[in-house]
Amino acid sequence: MTRRSFAGASAAALMQSDKKIRLAVVGGGFGTQFYWHEHPVCQVTAVTDLHSERRRALRDTYQCDSVYESMEDMLAKRKDLDAVAIFSGAPDHVRHAAECMRRGLHVISAVPACMTLEDAALLKETKEKTG
């Protein structure tokens, strides 16, 4: 089975399921540019940014009232998440992605996740430890 056929089969199975992926969005600048909330099996259940105006933008974009002042606060309070979309500043991606993976969450990032080979090694190691 190829990665593409596995992904297609997984997506098809999920589409037939009643389960929704509970997604948090971290970062209200670039993070407001995606349409997660319009996908039939995705529900944005939490949003966070360090800046209040960007938190408001996330809340308004995703019609999500579960708004947090930091990713760390959100992760401490929310135990029902499946995945986190990370759109914080590039220097924070490795730390944020690794923290989410250590908590058993899936992670997506639309930009390069790391800036150095050391950061890439850390992400690889974290992924291998957490699955």
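Criteria and thresholds
Residues numbered from 1 in each chain as written. Predicted model: local features only at pLDDT ≥ 70, side-chain atom pairs only at ≥ 80, totals over all residues. Heavy atoms only, no water. Helix = DSSP H or I, 4+ residues; strand = E, 2+ residues; numbered from the N terminus. Buried < 20%, exposed > 50% of the residue type's maximum accessible area, 1.4 Å probe, protein only. Contact = heavy atoms within 4.5 Å. Areas by Shrake-Rupley, 256 points an atom, 1.4 Å probe, with all protein chains shown as cover. Pairing = 2+ DSSP bridges.

**Looking at the overall build of the protein**
Piece 1. Looking only at helices and strands, the protein features 5 helices and 5 strands.
Piece 2. Reading the helices (α) and strands (β) of the protein from amino to carboxyl end gives α-β-β-α-β-α-β-α-β-α.
Piece 3. In the protein, which comprises 131 residues, the proportion classed as buried is 34%.
Piece 4. Taking as baseline every contact in the protein between residues at least 6 positions apart, the subset at least 24 positions apart corresponds to 47%.
Piece 5. Total accessible area on the protein is roughly 8,100 Å²; 55% of this is exposed by carbon and sulfur atoms.

**Here we look at helix α4 (residues 93–102)**
Piece 1. Within α4, 7 of the 10 residues are buried, which leaves the element mostly enclosed by the surrounding structure.
Piece 2. Listing the buried residues of α4 in full gives His-93, Val-94, His-96, Ala-97, Ala-98, Cys-100 and Met-101.
Piece 3. Of the residues trailing α4, Gly-104 is marked for its positive phi of about 85°.

**Digging into the sheet that holds strand β1 (residues 21–26)**
Piece 1. An order of β3-β2-β1-β4-β5 is seen for the 5 strands of this open sheet, with the pairing classed as parallel. The open sheet is flanked by β3 (67–68) and β5 (106–108), the only strands paired with a single partner.
Piece 2. With 6 bridges joining them, β1 and strand β2 (residues 42–48) adopt parallel strand pairing. Bridge pairing in β2 links Leu-23 to Val-44.

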